[in-house]
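# Report on the structure
So you can see what is in the structure, the chains are spelled out below.
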Amino acid sequence: MQHLPSPDPLRPQISTRELIAMVGFLMALNALSIDILLPALSEIGNALGAPGNDRQLVITSYVFGFGLAQLGFGPLSDSLGRRRTLLIALVAYLAATLLCLGSQGLWQLVAARALQGVAAAATRVIAVAIVRDLVSGRRMAEIMSFAMTVFTVAPILAPSIGQLILFGGSWRVIFVFLFVMAAALSVWMLIRLPETLHPDKRTPLRFGSAMRNYVLAASNRITLGYLTASCFIMGALFAFIATSEQVLAELYELGVWFPLAFAVIAIGLAGANIVNAKIVRRLGMRRISHSALIAYLLVNGVNMTLALFGQPPFIVYFVLLMAALMLFSMIGANFSALAMEPAGERAGTTAALYGSSTAMAGAVLGSVIGQGYNGTVLPITMGFTVLGALALLTVLWTEKGKLFGVGETSDEADA
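Residues numbered from 1 in each chain as written. Predicted model: local features only at pLDDT ≥ 70, side-chain atom pairs only at ≥ 80, totals over all residues. Heavy atoms only, no water.

When helices and strands are tallied, the protein shows 16 helices and zero strands. Burial statistics for the protein: of 415 residues in total, 62% are counted as buried. Taking contacts inside the protein between residues at least 6 apart in sequence as the whole, the part at least 24 apart equals 85%. A total of about 15700 Å² of accessible surface is found on the protein, and carbon and sulfur atoms cover 69% of it. (Helix = DSSP H or I, 4+ residues; strand = E, 2+ residues; numbered from the N terminus. Buried < 20%, exposed > 50% of the residue type's maximum accessible area, 1.4 Å probe, protein only. Contact = heavy atoms within 4.5 Å. Areas by Shrake-Rupley, 256 points an atom, 1.4 Å probe, with all protein chains shown as cover.)

Below you can see the structure in the form of structure tokens.
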């Protein structure tokens, strides 16, 4: 089993498998925090007086806080180190979860969820930065794909866990479950996670310096291009998450079977990530992600065309939706690795810029599409298609019109 080097002399080296597990579970905490509440949105809406589309704010407020705070956690982790920053953030997550548990009104819960998202932001930034500290290039894409496979266990299980909790208790018990899970993760990180950022590579925490690093990261054409394309793709993903309970459980009348349908989609995403991890070192990040993006646009175009003529049959809509989201998973891991490739010693800042931008833009775009939900799938499928087209145009600009790996250097392939 391969062990990865660590500059932390106080802790043992971690294996590649444990690194993948750590990164996967850190990212899974965020997914769990979102998806476990999906079956409870209707009950939360009834309990707190949030009719119709307003209940979506319980999801989108978390995502927006999650995105915004990453801008701060990037420079903070580049200055204080990955481990210390992560542990502080996990304690803050536990406190925010208690606030969610005690909320008495919709806006109290929305505010507490935003704070919970702020604290969880560190998990996304630091998970990516830790991997970039240790590896790069296609090796990074491979590890991120395996980590995303661990990450996708959360969407598979989370709605079912939420539904099981609702069978035996109220929606508030869900936050008790999240508190216990976050506490266990905190103990694991405290005991096993080494510091991956060498002290010599740390940068002073200064506002001006942080802004310059963000400007430098955003001025790189590859980073900016794949970051922007990812924003559009994430908008479609968050639109699906925000409306999934209304569309699948209510419009298509799945009811308590909604968690099963969500789990099937998540299993598809996990499978796509495994395939990507197996083939990315041979085919390259560009060839896979560009092909998947074109297929993504075509699949959503078909679903939108069907929706123009009425509500598609459930099996047709569901299969096309699942295909689109599987393609999304192959796009996401590779776009992330491509955006991070030029980062170098600014990995924390670049990861923060990438994660913050994609989460905030995804939350806003997903909310716009979700608020347009009118009892049909047309706004959803149209939003998916338009955002996919914008992502493709952005990639064409980024690569100067050359797709499918043209221009990929040997350093990118072999790093």
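Okay, the nonpolar core next. Generally speaking, a soluble globular protein has its nonpolar side chains buried in company with each other. Residues M189, L293 and Y296 are the most contacted members of the largest nonpolar core, which totals 133 residues. Excluding residues that lie within four positions of it along the chain, L293 makes contacts with I233, I331, F335, G388, A391, L392 and V395. (Core = buried A, V, L, I, M, F, W, Y, C linked by side-chain atoms within 4.5 Å.)

Right, let's get into unusual backbone geometry. The backbone phi angle of E253 is positive, close to 60 degrees, even though this residue is not glycine. Within the fold, E253 resides in the loop between α10 (221-251) and α11 (258-283). Positive phi is not limited to glycine here, since K400 has a value of about 55 degrees. With respect to the helices, strands and loops of the structure, K400 is situated in the loop between α15 (378-398) and α16 (410-414). For K400, a relative accessible area of 63% corresponds to the exposed category.

Helix-helix packing is described using two parameters, namely the angle between the two axes and the distance between the axes. Interaxial distance between α10 and α15 falls to 8 Å at its minimum, and their mutual angle equals 170 degrees. By the angle class used here, α10 and α15 are roughly antiparallel. In terms of residue class, the contact of α10 with α15 is made up of 16 nonpolar, six polar and one charged. (Axes fitted to C-alpha atoms, helices over the stretch in contact; angles between N-to-C directions. Parallel < 35°, antiparallel > 145°, perpendicular 65-115°, else oblique. Nonpolar A, V, L, I, M, F, W, Y, C, P; charged D, E, K, R; others polar.)

What follows concerns helix α2 (residues 41-48). Looking at α2, one finds that the buried residues are L41, I44, G45 and L48. Buried residues along α2 cover an arc of 100 degrees about the axis, so they all sit on one side. On the buried face of α2, the contacting elements are α3 (57-80), α5 (106-134) and α10. Downstream of α2 by a residue or two, G49 has a phi angle that is positive, lying close to 70 degrees. (Arc of directions from axis to C-beta.)

Next up on the list: α15. Helical geometry: 3.6 residues make up each α-helical turn, so side chains three or four residues apart lie on a common side. In this model α15 runs 30 Å from its N-terminal to its C-terminal C-alpha over 21 residues, within 8% of the 30 Å that 1.5 Å per residue would give. Where α15 terminates, the next one or two residues include K400, which has phi positive at roughly 55 degrees. (Expected span 1.5 Å × (residues − 1).)

Checked against the element boundaries, T243 lands in helix α10. In this structure T243 touches Q56, G370 and I380, once residues within four positions along its chain are discounted.

So, on to the side chain of R83. Of note, R83 is situated in helix α4 (residues 82-101). Of the residues examined, R83 reaches a relative accessible area of 13% and is grouped as buried.

Counted under the stated rule, the structure contains nine aromatic pairs. Among the aromatic residues, ring-to-ring pairing joins Y252, F314, Y317 and F318 into one connected group. A cation sits over an aromatic face here: R221 above W397, 4.1 Å from the ring centre. (Phe/Tyr/Trp six-rings, centres within 6.5 Å; stacked < 30°, edge-to-face > 60°. Lys NZ or Arg CZ within 6 Å of the ring centre and 35° of its normal.)

Our focus in this paragraph is the environment of I14. Inspection of the secondary structure assignment puts I14 in the segment before α1 (16-35). On a C-alpha basis, the gap between I14 and R192 in space is 7.9 Å, while along the polypeptide they are 178 residues apart.

Throughout the structure, instances matching the rule amount to three salt bridges. Residues E18 and R192 are paired through a salt bridge, measuring 2.8 Å at the closest nitrogen-oxygen approach. Here E18 is found in helix α1, whereas its partner R192 is found in helix α8 (residues 172-192), with 174 residues between them in sequence. The exposure class of E18 is buried, given its relative accessible area of 17%. On the basis of relative accessibility, which here comes to 25%, the residue R192 falls in the partly exposed class. Between R82 and D78 there is a salt bridge, and its shortest N-O distance comes to 2.7 Å. Residue D78 is classed as buried on the basis of its relative accessible area of 3%. (Salt bridge = Lys/Arg side-chain N within 4 Å of Asp/Glu carboxyl O.)

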